[in-house]
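Residue strings, one per chain:
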Amino acid sequence: MLLHIGKLRFFDANMIPSRIFLVSAFRVLEEGGLRGLLDLLRREVQSHEASILVLDGLVSVEETAGSPREYKKFIHELQAQAALAACTIFLLTGTPSPPIAVEHTMVDGVMQLQSELYGRRAERHLEVYKMRGTGYLRGQHSFRITDEGLVVYPRTEALLRLPSTHPTPNGPPIETGLAKLDRMAGGGFPRNSTALLTGPPGIGKTTLGLHFLSRCDEDCPGLHFGFYETPQAVAAKANALGMPLSGLVEREHVEILWQPATEGILDEACHRLLDAVRRRRVRRLFIDGLEGFERLTTDRERLGHIFAAITNELSALGVTTVYTSEADLIGSVSGLPISQLPLQGVSCIAEIILVMRYVELRAQLHRVLAVLKVRDSLIDPAFHRFTMTSTGITIDEDASGAEQILADAAHQHNFSNLGVLRTSRAGQN
Ligand SMILES: Nc1ncnc2c1ncn2[C@@H]1O[C@H](COP(=O)(O)OP(=O)(O)O)[C@@H](O)[C@H]1O
Ligand SMILES: [Mg+2]
């Protein structure tokens, strides 16, 4: 046991045998039965004044017991000893079948550890079945075994059932980093709100997020939480677009966290995000790629609940959040009306929705942007044309450019449909 545990970082060899005592009880159990084991445990707990006793291998006790009654009696007496000595006892055993075993009804708490397969990926879970006198979180919680030992990630939606603090007062709207976008959104984003930014790849979502973070300073720290780009790639993009992000990162006004969505635990990502927000009292949060969360779970049902819980928590913490979601490239290019928004559950939660689209016109792709909704604000709902320049996103002052492109694209679209119609008629004839 020492050989294996010695590799874990929390292990301190100096604790043995000054603070931790290892006793092998196998022979005593073989020779003296349950009575002998009880005596041994009492003596050891007393002589060391132990406050915690871990009995590993309860199953051997059960096997040695002559009858279920004798086994019950053993647990009962052990509990009585523990109460007298003010010692907490952990009884470790394999998963009994049937799952509600005799000891479950007698002890104060029951916890089960399990490993479950999702496709080929395995995830560990911890579930508390019973814990007398506490309001424990029910359901399965993910955990990992790392060099640090056991790390548990309580179910996010259960942990944040209610926000952890009182809501922060709203105050005036917050600047988005693009003056024109502020005007389109009715004066900026409402403070402590959540904005969903959706659009196809390469349209400028990450860039808009970088504009948003460029407004960070000492009093208004920011966090870039992304699933796609490494911190180096994000910094390089900001540099190429002439945004002062590197300086802000150096002065610790902005932190860039990368959360690869390859192999991970959904709740771990949520905890990492919330930890980073709380640690630096983040005010501006940019989450790049909501799909990243989706890829970390097979249980899509949970996502809506988790996003709702996180959104409430962030709002209470005084964070204004912008998150991006990848939209369908084809649907957007065809010039058809805005197709279904991705991640339905999330669009209902978002208080602000921004749509970025390509418009295809005579072999050219144009970019347009519109604000669909902003909580409690009068917005300018028109599409505006924008371009990517060496200083990032530049939005047209008036909507006429977008109007013209969209009208021409619609015309071109109808015209080509007409063409299809004619050909099919010709085919019928
Ligand atoms: N490092 C860069 N240098 C120059 N232009 C860039 C750079 N990164 C992105 N761009 C331009 O900005 C556009 C939008 O990029 P990005 O904001 O990453 O889009 P999205 O996040 O929507 O996929 C790209 O299509 C490209 O034209
Ligand atoms: Mg991007």
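Definitions and cut-offs
- Residues numbered from 1 in each chain as written.
- Chains lettered and ligands numbered in written order.
- Predicted model: local features only at pLDDT ≥ 70, side-chain atom pairs only at ≥ 80, totals over all residues.
- Heavy atoms only, no water.
- Helix = DSSP H or I, 4+ residues; strand = E, 2+ residues; numbered from the N terminus.
- Buried < 20%, exposed > 50% of the residue type's maximum accessible area, 1.4 Å probe, protein only.
- Contact = heavy atoms within 4.5 Å.
- Areas by Shrake-Rupley, 256 points an atom, 1.4 Å probe, with all protein chains shown as cover.
- Patch = residues over 30% accessible without salt bridge, like charges linked within 9 Å, V, L, I, M, F, W, Y side chains within 5 Å.
- Salt bridge = Lys/Arg side-chain N within 4 Å of Asp/Glu carboxyl O.
- Near = heavy atom within 4 Å.
- Polar contact = N/O pair within 3.5 Å; in protein donor to acceptor, adjacent residues only side chain to side chain.
- Nonpolar A, V, L, I, M, F, W, Y, C, P; charged D, E, K, R; others polar.
- Axes fitted to C-alpha atoms, helices over the stretch in contact; angles between N-to-C directions.
- Parallel < 35°, antiparallel > 145°, perpendicular 65-115°, else oblique.
- Domains from an automatic or database assignment.
- Buried area = accessible area lost by both parts, 1.4 Å probe.
- Pairing = 2+ DSSP bridges.

Engineer: Which residues make up the overall build of the protein chain, and what values do they have?
Structural biologist: Looking only at helices and strands, one finds 16 helices and 15 strands in the protein chain. For the protein chain, the residues scored as buried account for 43% of the 429 residues in total. Sequence separation of at least 24 residues holds for 65% of the intrachain contacts in the protein chain that already meet a minimum separation of 6. For the protein chain, the accessible surface area stands at approximately 23400 Å², while carbon and sulfur atoms represent 55% of it.

Engineer: Please provide a residue-by-residue account of a nonpolar patch on the surface, values included.
Structural biologist: A surface patch of nonpolar side chains, about 390 Å² in accessible area, is lined by M1, L2, I20 and L22. Position of L22 relative to the elements: it lies in the loop between α1 (2-5) and α2 (26-48). You can call L22 partly exposed: its relative accessible area is 48%.

Engineer: Explain the site of ligand 1 to me, and be specific about the residues and the numbers.
Structural biologist: Close to ligand 1 lie P200, P201, G202, I203, G204, K205, T206, T207, K237, A240, R367 and M388, which account for all nearby residues. K205 is positioned such that a nitrogen or oxygen atom in its backbone is 2.8 Å from an oxygen atom of ligand 1. Bound to the protein, ligand 1 loses 64% of the 560 Å² it would expose on its own. Among the secondary structure elements, those contributing two or more residues to the shell around ligand 1 are α8 (205-213) and α9 (231-240). For the shell around ligand 1, the class distribution of residues is 5 nonpolar, 4 polar and 3 charged.

Engineer: Which residues make up the packing of α8 against α9, and what values go with them?
Structural biologist: For any two helices packed against each other, the geometry is given by the interaxial angle and the distance between the axes. Interaxial distance between α8 and α9 falls to 11 Å at its minimum, and their mutual angle equals 80°. Taken together, the axis directions place α8 and α9 in an arrangement best described as roughly perpendicular. Each of T206, T207 and L210 in α8 lies in contact with α9, whose residues at this interface are V234, K237 and A238. For the contact of α8 with α9, a count of residues per class yields 3 nonpolar, 2 polar and 1 charged.

Engineer: So what about the environment of D398? Which residues, and what values?
Structural biologist: When you line up the elements, D398 lands in the loop between β15 (392-395) and α16 (400-428). Along the backbone, D398 and A382 are 16 residues apart, and their C-alpha atoms lie at a distance of 9.2 Å. Within polar-contact distance, the side chain of D398 engages the side chain of S400 at 2.8 Å.

Engineer: Describe the domain arrangement of the protein chain, and please don't skip the residues or the numbers.
Structural biologist: When its domains are assigned, the protein chain resolves into domain 1 (1-107), domain 2 (111-154) and domain 3 (179-413). Between domain 1 and domain 2, the C-alpha centre-to-centre distance is 22 Å. In this assembly, 8 residues from domain 1 lie in contact with 7 residues from domain 2. Summed over both partners, the interface of domain 1 with domain 2 buries about 630 Å², with 39% contributed by carbon and sulfur atoms. Between domain 1 and domain 2 we count 2 salt bridges in total. For the salt bridge of E148 with R9, the shortest nitrogen-to-oxygen distance reads 2.6 Å. On the surface where domain 1 and domain 2 come into contact, there are 3 residue pairs in polar contact (both at pLDDT 80 or more). When the residues that make up the side of domain 1 that touches domain 2 are grouped by side-chain class, the tally is 4 nonpolar, 3 polar and 1 charged.

Engineer: Tell me about the sheet that holds strand β11 (residues 320-326), residues and numbers included.
Structural biologist: The strand order β9-β8-β10-β11-β7-β12-β13-β14-β15 describes an open sheet built from 9 strands, whose pairing is mixed. Among the strands making up the open sheet, the edge pair consists of β9 (254-258) and β15. Averaged over all pairs of adjacent strands, the angle between strand axes in this sheet comes to 25°, irrespective of strand direction. Judged from the 10 bridges that link them, strand β12 (residues 352-361) and strand β13 (residues 364-374) form a sheet pairing that is antiparallel. The residue of β13 that forms the bridge with I352 is V374. The sheet contacts of α8 involve β7 (194-199), β8 (222-226), β9, β10 (284-288), β11, β12, β14 (384-389) and β15, and relative to β10 the element is tilted by about 165°. Sheet contacts for helix α11 (residues 266-279): β8, β9 and β10; angle to β8, the most-contacted strand, approximately 165°.

Engineer: Mind laying out the sheet that holds strand β3 (residues 109-118), listing which residues take part and the relevant values?
Structural biologist: The 4 strands lie next to each other as β3-β4-β5-β6, forming an open sheet whose pairing is antiparallel. At either end of the open sheet lies a strand with only one pairing partner, and these are β3 and β6 (149-153). Neighbour-to-neighbour, the strand axes of this sheet turn through a mean angle of 35°, independent of strand direction. Strand direction decides the pairing type here: strand β5 (residues 140-146) and β6, joined by 5 bridges, are antiparallel. Residue pairing in the sheet places T146 in a bridge with G149 of β6.

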